[in-house]
Amino acid sequence: MPDLKRMLKLALAAVLLLPALALVAFGPRTSRPVPPDRVVVTYWEKWTDFEGEAMKRLCALFNETAGAAQGIYVDYVVTTQIDLKTLVATSGGDAPDLAGLWPQNISSFAAKNALQPLDERAAAAGIDGTRILPVYYEQCRYHERLYAVPLTPWSLALYYNRGLLRQYAAELSAAGYSADAPPRTLDELLGYCRVLQRRGPDGAYQMLGFIPSVPEMVGWYWNTWGLWAGGTFTDPETGLARVDTPEFIRGYEWVRDFLRTFGQRDVLRFESSLANFNSPDNPFMRGKLAMMQQGPWFANMIRQYGPEIDYGVAPFPTADGREISYCGQDVLVIPTGARHPDQAWAFIAWLYTSPPVVVPSGLAEPQFGYEYCLVAGEHGPERRPMPPLRPIEWICWNHYKNGPLREPSAAFLDTHPNPGVAIHERLARGPLARTDPPLPNWFALLAEFMAAYRDIWAGAPDVRGRLEECQRRMDVLVDVARREQIRYGDRYP
Amino acid sequence: MSTRPAASRGSQRWPAPLVGAAWISPWIVGFSAFTLLPIVLAGYLSFCQFDGLRPPRFTGLENLRTLAADPLFWKVLKNTTVYAAVALPLGTLVALALAILLNTNVPGRTAWRAIIFLPTLVPLVATAMVWLWMFNGRYGLINVVLGGVVNGVINSLNALLGLIAPTWHIGRCEPPNWLTDPRWTMPSMVLLSVWSVGNAVVVYLAGLQDVPRSLYEAAEVDGASAWQRLRNVTLPMISPAIFFNVVIGIIFVWQVFAVPQIMIPGGGPQRNAYFYTMYLYDKAFRDLQFGYACTLGWVQMLIIIALTAVAFRLSRRLVHYRGVSG
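Each chain has its residues counted from 1, following the order in which its sequence is written. Numbering of ligands from 1 and lettering of chains from A proceed in the order in which they are written. Since the coordinates come from a predicted model, pLDDT governs what is reported: local features require at least 70, and pairs of side-chain atoms require 80 or more to be given and counted, while whole-chain, interface and lining totals use all residues. For side-chain calculations, the full set of non-hydrogen atoms in the structure is used, while hydrogens and water are omitted.

A. Summary view of the overall build of chain A. The helix and strand inventory of chain A stands at 20 helices and 15 strands. A compact globule built from 493 residues should have a C-alpha radius of gyration of about 23 Å, and chain A, at 26 Å, falls within 12% of that. Along the first, second and third principal axes, the C-alpha atoms of chain A reach 90 × 70 × 65 Å. Burial classification: accessible surface area is computed with a 1.4 Å probe over protein chains only, and a residue below 20% of its type maximum counts as buried, one above 50% as exposed, and the rest as partly exposed. When each of the 493 residues of chain A is scored for burial, the buried share is 56%. Taking contacts inside chain A between residues at least 6 apart in sequence as the whole, the part at least 24 apart equals 74%. The helix and strand labels rest on DSSP assignments: H or I over at least four residues marks a helix, E over at least two residues marks a strand, and numbering proceeds from the N terminus. Every radius of gyration here is taken over C-alpha atoms, with the globule rule written as 2.2 Å times N^0.38, N being the number of residues. Contacts between residues were defined by any pair of non-hydrogen atoms, one from each residue, lying within 4.5 Å.

B. Highlighting the overall build of chain B. The secondary structure content of chain B amounts to 15 helices and 4 strands. On the principal axes, the C-alpha backbone points of chain B span a range of 95 × 65 × 40 Å. Sequence separation of at least 24 residues holds for 65% of the intrachain contacts in chain B that already meet a minimum separation of 6. The Shrake-Rupley method, run with a 1.4 Å probe, gives the accessible areas here. Residue values count only the displayed protein chains as cover. Within the structure as shown, chain B displays about 18400 Å² of accessible surface, and the carbon and sulfur contribution to it stands at 72%. Charged residues are defined here as Lys and Arg on the positive side and Asp and Glu on the negative side; His and the ends of the chain fall outside this count. Each charge is placed at NZ for Lys, CZ for Arg, CG for Asp and CD for Glu. On chain B, the mean spot of the 23 positive side-chain charges and the mean spot of the 11 negative ones are 6 Å from each other.

C. The arrangement of the pattern of salt bridges in detail. By convention in these notes, a salt bridge is any Lys or Arg side-chain nitrogen within 4 Å of a carboxyl oxygen on Asp or Glu. The full count for this structure, using the stated rule, is 34 salt bridges over all chains. Two residues, Asp310 of chain A and Arg162 of chain A, come together in a salt bridge whose shortest N-O distance is 2.6 Å. One end of the pair, Asp310 of chain A, is in the loop between helix 14 (298–305) and strand 11 (311–314); the other, Arg162 of chain A, is in helix 8 (residues 162–167), and 148 residues separate them in sequence. Linked through salt bridges whose partners overlap, the residues forming this network are Glu448, Asp455, Arg466, Glu469 and Arg473 of chain A together with Arg271 of chain B.

D. Looking closely at the packing of aromatic side chains. Side-chain rings of Phe, Tyr and Trp, where Trp is taken by its six-membered ring, are said to pair if the distance between their centres is within 6.5 Å; with planes under 30 degrees apart they count as stacked, over 60 as edge-to-face, and otherwise as tilted. By the definition in use, this model includes 50 aromatic pairs over all chains. Note on Trp225 of chain A and Trp254 of chain A: the rings are 5.0 Å apart at their centroids and 10° apart in plane angle, and the pair reads as stacked. In this pair, Trp225 of chain A is assigned in helix 11 (residues 225–228) and Trp254 of chain A in helix 12 (residues 246–262), connecting sequence segments 29 residues apart. Given the relative accessible area of 0%, Trp225 of chain A is considered buried. Judged by relative accessible area, which is 6%, Trp254 of chain A ranks as buried. Centroid distance Phe73 of chain B to Trp74 of chain B: 4.9 Å. Interplanar angle 70°. Geometry classified as edge-to-face. With relative accessibility at 4%, the residue Phe73 of chain B sits in the buried group. Of the residues examined, Trp74 of chain B reaches a relative accessible area of 45% and is grouped as partly exposed. Site record: aromatic cluster; members linked through ring pairs are Trp154, Tyr221, Trp222, Phe233, Phe248, Tyr252, Trp297, Tyr326, Trp442, Phe449, Tyr453 and Trp457 of chain A.

E. Looking closely at the interface of chain A and chain B. With 37 residues of chain A at the interface, the matching set in chain B holds 37 residues. Of the roughly 3300 Å² buried where chain A meets chain B, counting both sides, 50% is carbon and sulfur surface. Computed with a 1.4 Å rolling probe, the buried area is the accessible surface lost when two parts are put together, summed over both parts. If you sort the residues of chain A by the area they bury against chain B, Arg269, Arg487 and Tyr488 of chain A come out on top, with a joint share of 23%. The interface formed by chain A and chain B contains 3 salt bridges.

F. Summary view of the confidence of the model for chain A. Across chain A, the average pLDDT comes to 93, with 98% of residues at or above 70. Across chain A, element-level confidence peaks in strand 3 (residues 98–101) of chain A with a mean pLDDT of 98 and bottoms out in helix 1 (residues 2–26) of chain A with 84. A score from 0 to 100, pLDDT tells how confident the predictor is in each residue.

G. Region of interest: the sheet that holds strand 7 (residues 157–161) of chain A. Residues and elements named next belong to chain A. Here, strands pair whenever DSSP counts at least two bridges between them. Spatial ordering of the open sheet is given by 10-7-11, a layout of 3 strands whose pairing is antiparallel. With partners counted over all chains shown, the strands left at the sheet margins are strand 10 (291–294) and strand 11, one partner each. Strand-to-strand twist in this sheet, taken as the mean axis angle between neighbours without regard to direction, amounts to 25°. Across 4 bridges, strand 7 lies against strand 11 in antiparallel orientation. Paired with Tyr160 across the two strands is Gly312, which belongs to strand 11. Convention adopted: a line fitted to C-alpha atoms gives each axis, helices being fitted over their contacting stretch, and angles between N-to-C directions are expressed from 0 to 180 degrees. Along the sheet, helix 14 makes contact with strand 7, strand 10 and strand 11, crossing strand 7 at roughly 20°.

H. Local environment of a nonpolar patch on the surface. A residue counts toward a patch only above 30% relative accessible area and without a salt bridge, and it is joined to like-charged neighbours within 9 Å or, for Val, Leu, Ile, Met, Phe, Trp and Tyr, to nonpolar neighbours within 5 Å. A surface patch of nonpolar side chains, amounting to about 1000 Å² of accessible area, comprises Leu141, Val145, Val149, Val153, Leu157, Leu160, Leu163, Ile164, Trp168 and Ile170 of chain B. Looking at where Val149 of chain B falls in the secondary structure, it is placed in helix 7 (residues 141–164).

I. Here's a closer look at the pairing of strand 12 (residues 325–333) of chain A. Residue and element names in this part refer to chain A. Taken across its 9 residues, strand 12 has 9 buried, putting it largely inside the fold. Alignment of strand 6 (residues 149–155) against strand 12, held across 6 bridges, turns out to be antiparallel. Bridging across to strand 12, Trp154 finds its partner in Gly328. For strand 12 and strand 15 (residues 433–434), the ladder comprises 2 bridges, and the chain directions are parallel. Looking at strand 15, one finds that Tyr326 is bridged to Arg434.

J. Spatial organisation of the side chain of Asn223 of chain A. Residues and elements named next belong to chain A. Within the secondary structure layout, Asn223 lies in the loop between strand 9 (205–208) and helix 11. Polar contacts here mean pairs of N or O atoms no more than 3.5 Å apart (in protein, one a potential hydrogen donor and the other a potential acceptor; neighbouring residues in sequence count only if both atoms are side-chain atoms). A distance of 3.3 Å separates the side chain of Asn223 from the side chain of Tyr326, its partner in a polar contact. Not counting residues up to four positions away in its chain, the partners in contact with Asn223 are Phe233, Tyr252, Tyr326, Asp436, Leu446 and Phe449.

Here it is in structure tokens:
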């Protein structure tokens, strides 16, 4: 009996051990073996889906061409919560060589010495303010030093369903508006919305012209309403965050007035009925919303989920009709402690300085954006071979975004898949192109601001009072941040 | 007669305490490295400014002074206290009621037990996503049911009222926008907390099945009603189980985080569902104020310890162990 017990134990141990050994011996291996004698540049990036695939293909092209010549291999690693993970890795002394962050991270990370300054490298490669659009270049700087390089920039605009507007042409015309031209001012936007609405038998909205909180509840761009009314996030003299200015009060009073016009309860109920943004049930695709505040990537979503939609792109309506835009970008940084900063920079430099390239998809079937593009022809879109583009333009093209360059190539603009790219480019070049300010604690300030917006959206009647309260709380956060920076021998802002 | 195993021979060579220590050493190492050391370090960092990247700077009591003057700290403290004060008793009552019901001969008792326990096995993210839809203002199951039932009752009442006086009429009920109306965000989170009472129900059931039948029989002979049997036999006999669940509940409700963080990040309008741990997380990982977050963490731990101590103190009077009172 004892022998039987021992045998059973041994058998159990074998059952547990053998799969583990088999996994070690025959388990999965990296699908891309790195060629010998290459320095591996670890590149953490947030993108998945078509955006990630495009960047992977671009890295592959680099690895096969310039990377092979220079002995560099860029390893693209998809990383969720990239800012937090980059922070933890940098803190732990195991930072990636390259990281694709959000622009709001730049000042926060740079203030904590977590990023390598890139001024000298950028100047040597000519990747500086003379080549990059000021709105994007300045956002990459903190305390007069360059810490990031633009990768894929964007500017916000108004996407409108031209077909839906035409359906309501008579009503719009009766109200003094044109179905062929989108609203230019906030007052006009409200006027269009008064016409573009439809209720169901139960009295609930089935369609609205616009809703400030979409996409997603509370919205991605809830912070822009002060900008559309002519404000800026910071006091131009002090550089400190300021949200209780007359312009901001006016902008957020517009949001309150919108709710009052259409009924706060009904609007919130309509809002909760709207499906996920990134899905075929997107309210724009379903004809539930006629207009949206959106970035250039939206053109790709329309191509995927609503290719039949006749749509247009225009500057977002503002209080006085001037062209204002809110701009942002995805950026590349080299974190402090990166093991291969020279090689990481070589990849960045290649993105900007390489001769135009065609990026193969690696698939048997020709792919849009890789092997071919579509250009307007006499009988509709015509298929053409994809023109060679500089890598930085190619990645923006494939993300449907405008580019970061002061002088974009004709091929980039002429073949671009987003019909509104010229608008996005123009807005980014405009004198009133705005970005989030380079404040190290901007996320904390933004959270405070968002709380105020949520209250306004939930029906807080006193917009001025709520924004003033928000400002007082922000001032406290600024004092804390200033003390912290001074303690480390730095300054704020 | 069998020979003694090798392990026993080994234990003869080593003193028993050492053998015991060796066996639990993996846990001690893990606990020391991943729980005790972080607690101690957090204690030190709570007196520092620390952003996770630069070396911490000792700032004495500054974090505590900031905490005392931080309106958001008081807001989340109040929210969490209200949540705990309602969710814990409600959860205890519901769990107890379900356990007592399941302890009777209801048809399909085993199936009911499984159904009630099942939600505790659902990952928190999945729970949050499901409840996001349950609470949806337009299409949510709760509002569909609520609207249907309440308006059905109102329609019936209106029909009756119409017989009495044709002008009398009660208006239709509009179910709330649970997650966007500041008056309903906290109640929605409290309601949701009842979703996962399965663990407590299992503990209560075990306690109930341990109550000697003879006590009920004696009570019945003495003419005790069902309520008297519950109050004087059942509750005292399962009071250790109730005490255990209350202590565990105190710890859990004071750390409520994942579900509201997913469903109402930032606590919704007026921050009415912004809880302590959410604020702590935001301070640490959004604002990178790890020193201040450590202060928040330590204050939270002290609050939980204090509440648990109060519970233990009360247990001396209220909890009855078999053959021993308190």
